[in-house]
Amino acid sequence: HQNTTASYFDVAPFMGDYLVSNSNNDSVERRNAGDGSFISTFAMGLDFVQQVETLADNSVLAVSTIGANGIEGVYHFNSDMTLRRFINTQGIKDSFGEQVPRAAWLLGDGEYLITTSIGVFKTAGPGFTRLTTGTDAQFIGRLIPAPGAVAIGGLGMFLAMRRRR
């Protein structure tokens, strides 16, 4: 059965299934990896949810992009669907101007990178630090190079070092 009213934005693997952001009904849906069938609603009430990302501990980041103060922002969920942390992006608007948050990533220091329509920001305790400006930033995630790319890169470095001698 095809959902003709859905507006799917992003897909992330999650514990053998997939999480799919549906900006039409403001939810993140859990779907079967085999046939795409609906299993359950993972999260709801996320106005125009865009990026959804599964982290190494099976927690989930989802970004509500167009919403009122207190709704628009970054949602970090535990794998059992409970909310771990909410980052209200109103502080970015208050400090740097109107923006639309699009994606987020948890950093090793416990802070978050947040991409927006006006640049990239990092949480800094209760506030935000601007990292780039003039960029309509989109999704962010881990880069996993293909093994062949790593070998080619290593060969290129070897040849460059050899040439300098």
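Residues numbered from 1 in each chain as written. Predicted model: local features only at pLDDT ≥ 70, side-chain atom pairs only at ≥ 80, totals over all residues. Heavy atoms only, no water.

Undergrad: Tell me what's going on with the pattern of salt bridges, and back it up with residues and numbers.
TA: If you walk through the whole model with that rule in mind, you get 7 salt bridges. With a closest N to O distance of 3.0 Å, Asp-17 and Arg-30 form a salt bridge. In this pair, Asp-17 is assigned in strand 2 (residues 17-22) and Arg-30 in strand 3 (residues 27-31), connecting sequence segments 13 residues apart. We classify Asp-17 as buried; its relative accessible area is 15%. In this structure, Lys-93 and Glu-72 form a salt bridge, with 3.2 Å as the shortest nitrogen-oxygen distance. Separated by 21 residues along the polypeptide, Lys-93 in helix 1 (residues 90-96) and Glu-72 in the loop between strand 6 (60-64) and strand 7 (73-77) bring together distant segments of the chain. Each member of the pair Lys-93 and Glu-72 is classed as buried. (Salt bridge = Lys/Arg side-chain N within 4 Å of Asp/Glu carboxyl O. Helix = DSSP H or I, 4+ residues; strand = E, 2+ residues; numbered from the N terminus. Buried < 20%, exposed > 50% of the residue type's maximum accessible area, 1.4 Å probe, protein only.)

Undergrad: Give me the lowdown on the sheet that holds strand 10 (residues 112-116), citing residues and values where you can.
TA: Spatial ordering of the open sheet is given by 9-10-11-12, a layout of 4 strands whose pairing is antiparallel. Of all strands in the sheet, those bounded by a partner on one side alone are strand 9 (101-106) and strand 12 (127-130). Looking at each pair of strands side by side, their axes are set apart by 30° on average, direction ignored. Summarising the sheet, strand 10 and strand 11 (residues 119-124) pair through 4 bridges and their orientation is antiparallel. Bridge assignment links Thr-116 to a residue of strand 11, and that residue is Gly-119. (Pairing = 2+ DSSP bridges. Axes fitted to C-alpha atoms, helices over the stretch in contact; angles between N-to-C directions.)

Undergrad: Could you give an account of the pairing of strand 3, naming the residues involved and the relevant values?
TA: Among the 5 residues of strand 3, 4 are classified as buried, and the element is accordingly described as predominantly covered. As defined by bridge partners, strand 3 adjoins strand 4 (residues 38-44) across 5 bridges and the pair is classed as antiparallel. Across the sheet, residue Val-28 finds its bridge partner in strand 4, namely Ala-43. Taking the residues between adjacent antiparallel strands as the criterion, strand 3 and strand 4 are bridged by 6 residues, where Gly-36 takes a positive phi near 80°.

Any functional reading would require information beyond the geometric quantities listed.
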